[in-house]
Amino acid sequence: MKQKLYLSNPGIATAAGCDAQTFWNSLVDGNNSGLVKVKTFSDENFFAGKIDDKKLSPTNAKYDMRIIQIEDLALNQIAPLVERAKEKYGAARIAVCVGSCDNGSEFSLAGHREFFATKKFPENYSLEMQSADYPATFAKEKFGLNAPAFVFATACSSSASAIAKGAELIRAGIVDAAIVGGADVASDTALIGFNSLESISPEKINPFSKNRAGITLGEGAAFFVLAKDFCVVQNSSDCDEENCIELLGVGESCDAHHMTSPLADGSGALCAMKAALDDASLENENIDYVNLHGTGTKLNDAMESLAVSQCFGESICDGKTIFASSTKPITGHTLGASSAVELAACFLAIKNNCGKNSEQIKLPLHVYDGERDEKIPRINLVGRETKFLRPVNICMSNSFGFGGCNVSLIIGKSRSENFRRGEEN
């Protein structure tokens, strides 16, 4: 039997909120006020999801840059559980797996600007600032850990890959727990780079609309403690497995089709979703909510709607039992952190709806202009007047990154002898 793995409450830092409750309130209220106009060094203006500077504090990091301050804000929220894991397992048995795509752009851009002006780098500049491993190294040093630490950079699916690797390390017996998640910033490099791909929307992201025009980038972080002992991940001293949320399934695939674009027929994404269902030993009808990748680009939304409709069939069509939404219109597309941020949305969807009847259930709102694209399959999108037909016990989160790196994660209320999928305990 596959080793059960349990997730802690998430540590969150996004434009939609820098704690779990504020984040959740923004999702269900459709509050996208965190998406604001920013100006790059090239004098171009873009909408982006930005965290209020007042929320961030200096850290003791060797390179105290914005991405590390954002990461630190999220990590502090799970720090007591990391310490609990250290007490139980020891510092050598807790891995760190982080999804991130920013390699010290804050320092490297400033350093290169000075080099172009003076022909010399600043005295305090070092290539180590641009090391891909630094977000994982920071977390490892922050908590005094000496187990393996990895950074994954597969663009939008980075932190889903990190979570998958954390699970593999535990099930392989290499560690007993892992800090898993991601952190990223909407740097000038990312904004200008995505704009060069003609992927940035001139307005706020509008996924699955016939008027969609591209992505809105964002910055953020989300982290969990993933462990094989459910008592380790609970905030209360009263350990109860049925109050826990498990990582039930992981599905990964790779299109190997194009450097940035996914397969247009959605077959790569579909493969990842089916693999996650198989890994979880679940049927498609057992899923209650799907957090869509939903980037707002013409190709991605068309591809994903095809894949999701093929995976779930009639169950995810309008008025049926499975609901879906993209949370990127509220957080922005947080790149390497997006998978973890969106898994946090799924986690809170299960936690915050536990024990509620269908009239009381709330799910992340799908914020868009309401004008459906009739050229792509229709998906049961969460609206303000949506009525939910059953409890929220199991969620799927989809992330589809550059190069066709597709990852689907499934989480759900912990299994027990008297638990039946799709029904209340």
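Sequence positions are assigned chain by chain, starting from 1 and proceeding in written order. Side-chain atom pairs in this predicted model are given and counted only at pLDDT of 80 or more, local residue features only at pLDDT of at least 70, and totals for whole chains, interfaces and linings cover all residues. Only hydrogens and water are removed before side-chain values are computed, so all heavy atoms of the structure are retained for them.

**Some thoughts on the pairing of strand E3 (residues 35-39)**
Now for step 1: Here the rule is simple: two strands pair whenever DSSP picks up at least two bridges between them. In DSSP terms, a helix is any run of H or I states spanning at least four residues, a strand is any run of E spanning at least two, and both are numbered starting from the N terminus. Across 5 bridges, E3 lies against strand E4 (residues 45-49) in antiparallel orientation. Note on E4: the bridge partner recorded for Lys-39 is Asn-45.

**A word on the nonpolar core**
Now for step 1: For our purposes a nonpolar core is just a set of buried Ala, Val, Leu, Ile, Met, Phe, Trp, Tyr and Cys residues, chained together by side-chain atoms within 4.5 Å. Buried means the residue's accessible area, taken with a 1.4 Å probe over protein chains only, is under 20% of the maximum for its type, while exposed means over 50%, and partly exposed covers the values in between. With 53 residues, the main nonpolar core has Phe-23, Leu-226, Leu-363 and Ile-411 as its most contacted residues.
Now for step 2: Counting only elements with at least two residues in this core, the list comes to helix H1 (20-29), strand E5 (94-99), helix H5 (158-171), strand E7 (177-184), strand E9 (220-227), strand E10 (245-254), helix H10 (338-352) and strand E14 (405-413).
Now for step 3: Among the elements that make up this core, the one with the highest residue count is H10 (10 residues).
Now for step 4: Note on definitions: a residue-residue contact is assigned when non-hydrogen atoms from the two residues lie within 4.5 Å. Beyond its immediate chain neighbours, meaning those up to four positions away, Leu-226 contacts Leu-5, Tyr-6, Leu-7, Ile-163, Gly-166, Ala-167, Ile-170, Ala-177, Ala-178, Val-180 and Leu-247.
Now for step 5: Formed by 42 residues, the second largest nonpolar core is a distinct cluster that contains Ile-51, Ile-78, Val-98 and Ala-227.

**Points about the packing of helix H7 (residues 267-280) against helix H8 (residues 298-312)**
Now for step 1: Their axes nearest at 8 Å, the elements H7 and H8 cross at an angle of 35°. Where H7 crosses over H8, the two elements pack in a sense that is right-handed. In contact with Ala-269, Leu-270, Met-273 and Leu-277 of H7, H8 contributes Met-303, Ala-307, Val-308, Gln-310, Cys-311 and Phe-312.
Now for step 2: In this count, Pro and Cys sit with the nonpolar residues alongside Ala, Val, Leu, Ile, Met, Phe, Trp and Tyr, while Asp, Glu, Lys and Arg are called charged and the others, Gly among them, polar. Broken down by class, the residue content of the contact of H7 with H8 amounts to 9 nonpolar, 1 polar and no charged. Note on definitions: angles span 0 to 180 degrees between N-to-C directions of axes, and those axes are lines fitted to C-alpha atoms, for helices only across the stretch in contact. Two helices cross in a left-handed way if the nearer one is turned anticlockwise from the farther one by less than a right angle. They cross in a right-handed way if the turn is clockwise.

**Section: the sheet that holds strand E8 (residues 217-218)**
Strand pairing in a sheet takes place through backbone hydrogen bonds and is either antiparallel or parallel in direction.
Now for step 1: The sheet built from 3 strands is open, its strands ordered E3-E4-E8 with mixed pairing. In this open sheet, the two strands that pair with only one neighbour each are E3 and E8.

**Description of the side chain of Ser-201**
Now for step 1: When you line up the elements, Ser-201 lands in the loop between helix H6 (188-196) and E8.
Now for step 2: By relative accessible area, which is 7% here, Ser-201 ends up buried.
Now for step 3: Two N or O atoms count as a polar contact when they lie within 3.5 Å, although within protein this holds only if one can serve as hydrogen donor and the other as acceptor, and sequence-adjacent residues are included solely when both atoms are side-chain atoms. One polar contact links the side chain of Ser-201 to the main-chain carbonyl oxygen of Glu-203, over a distance of 2.7 Å.
Now for step 4: With residues near it in sequence (within four places) discarded, Ser-201 still touches Ala-213, Gly-214 and Ile-215.

**Describing the pairing of strand E13 (residues 394-401)**
Now for step 1: Among the 8 residues of E13, 8 are classified as buried, and the element is accordingly described as predominantly covered.
Now for step 2: Here E13 shows a buried face lined by Ile-394, Met-396, Asn-398 and Phe-400 and a second buried face lined by Cys-395, Ser-397, Ser-399 and Gly-401.
Now for step 3: Note that strand E11 (residues 289-291) and E13 share 3 bridges and pair parallel. Bridge assignment links Tyr-289 to a residue of E13, and that residue is Cys-395.
Now for step 4: Here 8 bridges tie E13 to E14, and the two strands are oriented antiparallel to one another. Across the sheet, Met-396 pairs through a bridge with Ile-410, a residue of E14.

**Focus: the confidence of the model for the protein**
Now for step 1: When the pLDDT values of the protein are averaged, the result is 90; 95% of them are 70 or greater.
Now for step 2: Note: pLDDT gives the predictor's confidence per residue, expressed from 0 to 100. Segment residues 416-425: pLDDT under 50, and 22 contacts once partners within four positions in sequence are set aside and those in other chains are kept.

**Some remarks on the environment of Gly-370**
Now for step 1: Position of Gly-370 among the secondary structure elements: in the loop between H10 and E13.
Now for step 2: Residue classification places Gly-370 among the partly exposed positions, given a relative accessible area of 46%.
Now for step 3: For the pair Gly-370 and Asn-206, spaced 164 residues apart in sequence, the C-alpha to C-alpha distance is 9.0 Å.

**A word on unusual backbone geometry**
Now for step 1: One non-glycine residue, Asp-43, lies in positive phi territory at about 70°.
Now for step 2: In this fold, Asp-43 is placed in the loop between E3 and E4.
Now for step 3: You can call Asp-43 exposed: its relative accessible area is 54%.
Now for step 4: Even without glycine at this site, Ala-155 takes up a positive phi of about 55°.

**With respect to the packing of aromatic side chains**
Centre distance and the angle of the planes are the two values used to describe a pair of aromatic rings.
Now for step 1: Here a pair means two rings of Phe, Tyr or Trp (six-membered ring of Trp) with centres within 6.5 Å. Their orientation is stacked below 30 degrees between planes, edge-to-face above 60, and tilted elsewhere. What the rule picks out here adds up to 8 aromatic pairs.
Now for step 2: Seen from their ring centres, Phe-115 and Phe-116 are 6.1 Å apart, and the 70° between their planes marks the pair as edge-to-face.
Now for step 3: Between the aromatic rings of Phe-115 and Phe-121, the centroid separation amounts to 4.7 Å while the plane-to-plane angle is 25°, which identifies the pairing as stacked.
Now for step 4: Classification of Phe-115 by relative accessible area gives partly exposed; the value is 30%.
Now for step 5: Classification of Phe-121 by relative accessible area gives partly exposed; the value is 35%.
Now for step 6: Here, a charge over a ring means that NZ of Lys or CZ of Arg falls within 6 Å of the ring centre while also lying within 35 degrees of the ring normal. A cation sits over an aromatic face here: Lys-142 above Phe-143, 5.6 Å from the ring centre.

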